[in-house]
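# A look at the structure
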Amino acid sequence: MEAQEFFHVPVLSREVISGLILRPGGHYLDATVGGGGHSSLILEAYPDIRLTAIDQDEVALAAAQKRLASYGERIKFLYSNFAAYEFPAKEYDGILADLGVSSHHLDSPERGFSFRHTASLDMRMDKGQSLTAAEIINHWDEVELADIFFKYGEERLSRRIARRIVEKRPFNTTTELAEAIAYSVPRKYRYGRIHPATRVFQALRIVVNDELRALETLLAKAPESLVDGGRIAIISFHSLEDRLVKNAFRNSPILKIVTKKPLEAQDDEIVNNPRARSAKLRIAERMGSRE
């Protein structure tokens, strides 16, 4: 897919920009630049703001480079997972991480993130890695599958679904898998508010991309990279992520919490971007050094 076709609507933009308290001459880190939506708003705030932009998806990074090309040397791009980034000490006035899957990932069948399209079971953010959803679904044993569905998808029927998958595999496409999951659960769940495959697909995506461990690494390293008074803003989209962020902020010896409760999208944003409904933004600030 061409870089210019990458599409992602940045969520909670107003809240992010006001919450970071942007400063003239500041240096900011966008740890998940995506299509560059949040980054462009940061760079627009003052003509001398600098920004470092990271993404592990080369398509997303190429799209951001194209969108933000006019900012020239004010922005530096890095192709990396934020967990592998060497955070420099006391460098940034603000750090942002948007943990959501982009509209591009969900709406591009070939990426295999959604069962709304027939596609191969891929789900890799970084196409250079070897582990795919197909490898997990077709080769991991029943107990392992049930465990990840329960732990990372919070799926109460995890054992029942895992049993059905092992009986019916191999699976080649997202729709084949979603259909098998739907017919493994009781009828009343089959036609509920969310599709019965939703939590399983979330669990697979988390495991394929090692998302929670990467987030734990970010939460451990990033605060040290803030200047005194600098802020970190993290947008999460499900309870597992939000819980990690909440606890890390609360337990950090150098952060004070700015948002006692997570900020959520307002009605006007949800109307224009329904995927913003599940977004939660937490912000914390690095306290000054104690002498």
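Provided above is the structure to which this section pertains.
Residues numbered from 1 in each chain as written. Predicted model: local features only at pLDDT ≥ 70, side-chain atom pairs only at ≥ 80, totals over all residues. Heavy atoms only, no water.

Across its full length, the protein holds 13 helices and seven strands. A compact globule built from 291 residues would reach a C-alpha radius of gyration of about 19 Å, and the protein, at 20 Å, matches this within 12%. Structurally, the protein occupies a C-alpha span of about 60 × 40 × 35 Å along its principal axes. Buried positions account for 54% of the 291 residues belonging to the protein. Considering only intrachain contacts with a sequence separation of at least 6, the fraction spanning at least 24 residues in the protein is 70%. Carbon and sulfur atoms make up 49% of the accessible area of the protein, which amounts to about 14,000 Å² in all. Of the charged side chains in the protein, 41 are positive and 41 negative, and the gap between their average positions amounts to 7 Å. (Helix = DSSP H or I, 4+ residues; strand = E, 2+ residues; numbered from the N terminus. Rg over C-alpha atoms; globule rule 2.2 N^0.38 Å. Buried < 20%, exposed > 50% of the residue type's maximum accessible area, 1.4 Å probe, protein only. Contact = heavy atoms within 4.5 Å. Areas by Shrake-Rupley, 256 points an atom, 1.4 Å probe, with all protein chains shown as cover. Lys, Arg positive; Asp, Glu negative; His and termini not counted. Charge placed at Lys NZ, Arg CZ, Asp CG, Glu CD.)

Time to look at the pattern of salt bridges. When the charged atoms of two side chains lie near each other, side chains of opposite charge can form a pair. This structure, assessed with the given rule, holds 15 salt bridges. A salt bridge links Arg 213 to Asp 210; the shortest N-O distance between them is 2.9 Å. When its relative accessible area of 34% is taken as the criterion, Asp 210 is described as partly exposed. (Salt bridge = Lys/Arg side-chain N within 4 Å of Asp/Glu carboxyl O.)

Glancing now at the sheet that holds strand β5 (residues 226–236). Reading across from one edge, β3-β2-β1-β4-β5-β7-β6 is the order of the seven strands in this open sheet, with mixed pairing throughout. The sheet is open, and its two borders are formed by β3 (75–79) and β6 (255–257), each paired with just one other strand. In this sheet, adjacent strand axes meet at a mean angle of 20° when their direction is disregarded. Bridge count between strand β2 (residues 50–55) and β3: five bridges; the pairing is parallel. Within β3, the position partnered with Ile 54 by the bridge is Leu 78. With respect to the sheet, helix α12 (residues 239–251) is in contact with β5, β6 and β7 (280–286), its orientation differing from that of β7 by roughly 20°. (Pairing = 2+ DSSP bridges. Axes fitted to C-alpha atoms, helices over the stretch in contact; angles between N-to-C directions.)

What follows is about the side chain of Thr 174. Structurally, the position occupied by Thr 174 is in helix α8 (residues 174–182). A distance of 2.6 Å separates the side chain of Thr 174 from the backbone oxygen of His 117, its partner in a polar contact. (Polar contact = N/O pair within 3.5 Å; in protein donor to acceptor, adjacent residues only side chain to side chain.)

All chains considered together, the criterion is met by one aromatic pair. Taking 4.9 Å as the distance between ring centres and 75° as the angle between the ring planes, the aromatic pair formed by Tyr 85 and Phe 87 counts as edge-to-face. Phe 87 carries the same exposure label as Tyr 85, and that label is buried. (Phe/Tyr/Trp six-rings, centres within 6.5 Å; stacked < 30°, edge-to-face > 60°.)

Here the focus is a positive patch on the surface. Together, Arg 156, Lys 188, Arg 193 and Arg 199 make up a region of like positive charge exposed at the surface. Locating Lys 188 in the fold gives a position in helix α9 (residues 187–190). (Patch = residues over 30% accessible without salt bridge, like charges linked within 9 Å, V, L, I, M, F, W, Y side chains within 5 Å.)

For the rest of this paragraph, the subject is the side chain of Arg 282. If you trace the backbone, Arg 282 turns up in strand β7. Here Asp 242 takes part through its side chain, which lies 2.7 Å from a polar atom of the side chain of Arg 282. Residue contacts for Arg 282: discarding those within four places in its chain leaves Ile 232, Ala 233, Ile 234, Asp 242, Val 245, Lys 246, Phe 249, Thr 259, Lys 260, Lys 261 and Pro 262.

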